[in-house]
Amino acid sequence: MLGGGQLGRYFVMAAHELGYRVWVLDPDEASPAGRIADRHIVAGFDDPAATAELAAGCVAVSTEFENVPAATMHSLAERTVVYPSAAAVAIAQDRIAEKSFLLDSGIPVGPVAFVRTTEDLDGLADDLFPAVLKTATLGYDGKGQRTVAGRREAEEAFVELGSVPCVVEKLLPLDLELSVVLARSVHGEVACFATAENRHRDGILDVTITPARIPYDLDVLARATATRVAEALDYVGVLAVEMFVVDDRILVNEMAPRPHNSGHVTLDSTVTSQFEQQVRALCRLPLGSSRAHSAAVMVNLLGDLWPAGEQPPWPAVTGEPDLKLHLYGKLEPRPGRKMGHMTLLGGDVESVLEAALRARSAIGIREDP
Ligand code: ADP
Ligand code: MG
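Quick look at the structure, then.

About the thresholds
Residues numbered from 1 in each chain as written. Chains lettered and ligands numbered in written order. Predicted model: local features only at pLDDT ≥ 70, side-chain atom pairs only at ≥ 80, totals over all residues. Heavy atoms only, no water. Pairing = 2+ DSSP bridges. Helix = DSSP H or I, 4+ residues; strand = E, 2+ residues; numbered from the N terminus. Axes fitted to C-alpha atoms, helices over the stretch in contact; angles between N-to-C directions. Contact = heavy atoms within 4.5 Å. Buried < 20%, exposed > 50% of the residue type's maximum accessible area, 1.4 Å probe, protein only. Salt bridge = Lys/Arg side-chain N within 4 Å of Asp/Glu carboxyl O. Near = heavy atom within 4 Å. Polar contact = N/O pair within 3.5 Å; in protein donor to acceptor, adjacent residues only side chain to side chain. Areas by Shrake-Rupley, 256 points an atom, 1.4 Å probe, with all protein chains shown as cover. Nonpolar A, V, L, I, M, F, W, Y, C, P; charged D, E, K, R; others polar.

**A look at the sheet that holds strand 6 (residues 131–135)**
Read from one edge of the open sheet, 4 strands run 5-8-6-7, paired in antiparallel fashion. Whereas interior strands pair on both sides, the edge strands pair on one side only; in this sheet they are strand 5 (112–115) and strand 7 (145–148). Shown here is a sheet whose adjacent strand axes are inclined to one another by a mean of 20°, direction ignored. Where strand 6 and strand 8 (residues 166–170) come together, 5 bridges link them in antiparallel fashion. Considered in strand 8, the bridge of Val132 is made with Glu169. Across the sheet, helix 7 (residues 151–160) touches strand 5, strand 6, strand 7 and strand 8, and the angle it forms with strand 7 is around 170°.

**Brief notes about the pairing of strand 9 (residues 176–184)**
Within strand 9, 8 of the 9 residues are buried, which leaves it mostly tucked inside the rest of the structure. Bridge analysis of strand 9 against strand 13 (residues 237–246) gives 9 bridges, and the strand direction is antiparallel. Looking across to strand 13, one finds that Leu178 is bridged to Met243. Note that strand 9 and strand 11 (residues 196–201) share 2 bridges and pair antiparallel. Directly across from Ser179, in strand 11, lies its bridge partner Ala196.

**Describing the pattern of salt bridges**
For the structure shown, the criterion picks out 17 salt bridges. Here Arg95 and Glu254 are joined by a salt bridge, their closest N and O atoms 3.1 Å apart. Here Glu254 lies in strand 14 (residues 249–256) and Arg95 lies in helix 5 (residues 95–104), a separation of 159 residues in the sequence. The network of salt bridges with shared partners includes Arg201, Asp206, Arg360 and Glu367.

**Quick look at the site of ligand 1**
Within the structure, ligand 1 sits among 19 residues, and Lys134, Gly142, Glu177, Asn253 and Glu254 are positioned closest to it. Between ligand 1 and the protein, one listed contact pairs an oxygen atom with a backbone N or O atom of Asp141 at 3.0 Å. Here ligand 1 loses 88% of its free accessible area of 550 Å² to cover by the protein chains. Its residues placed into classes, the shell around ligand 1 shows 6 nonpolar, 5 polar and 8 charged.

**A word on the pairing of strand 6**
Within strand 6, 5 of the 5 residues are buried, which leaves it mostly tucked inside the rest of the structure. Side chains of strand 6 alternate between two faces, with Ala131, Leu133 and Thr135 and Val132 and Lys134 buried alike. One ladder, built from 4 bridges, connects strand 6 with strand 7; its direction is antiparallel. Looking at the pairing, Lys134 lines up with Gln145 of strand 7.

As structure tokens, this is what we get:
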């Protein structure tokens, strides 16, 4: 596994349940996945010696970290099995490549333009504004993004973001944000998890509600759209497709070539979790059932909740009967850092959401989601 964060940690756990051994590559000695792996190679993602060791020791390699250098992916693929492919990861790593790919594949996206130089900004259509300027690479959790009213503000923001290649997206009036996490096997079999409804705060996922409270037709369209993305990429592994709902239309926002924060509900609500599907796809097993046996609402727990040198008030939530608390074993809480999550389970999504919002407030999250 390339990457040792919480996504890698759950991958290691799922692989262990199926009897596999896992090596993790991550430069951080204390990485959540590295600490429970059979072997933790503490090195950078571009370290040729570490890459060679992985290739020699591992039957199959996957990634939980989007920004693995393309060269590493290619060099591993020459020597061992790598899913998802280097090409798919490269597309998801770069918003310009990603949006171009979606446009070329005829998959609906919002109005967008690509900007590589300040001059490119002059050519933008007036009706693209107000807009969101996003760096093409290395952005996550709302980082590397600026909302701009017009062209002049866009110029300032472009320079502020480092004058690097960017996409400029029209700021859309979002009715809802959805994600579909799916697994696709080497044989082309696709299994979509329940469509998730996502609420963000400060650019970071805050609450995920499953199943999404949307009309059946829209749900079918969301899953069909995500499946088209996976098929167009000839994808193998777990893929997350983030979408916007605007006026009953589905527009693809972005994709992640890995399990996704919104898919964490599947750990507790679904026959086969997104991490087990990742293991199954990578190891060429049949996919498991993606059937949810409960409605589930997840609340992210960010480092902001940790008072200096102390812990959040766990007793306020650990007594809840239908609440599963997950902590990733990260040693250092920092604002915005994903430290854990809690999932509320039940039969009816509206009451599960109510219980989740009560738990969210009991643990000390004040603002409305
Ligand atoms: P990240 O890689 O940080 O997740 P996203 O492109 O998903 O980047 O943007 C983060 C969030 O910002 C989205 O989930 C959405 O809430 C908001 N956002 C992004 N693009 C737009 C847009 N074009 N219009 C309106 N809101 C947007
Ligand atoms: Mg996103």
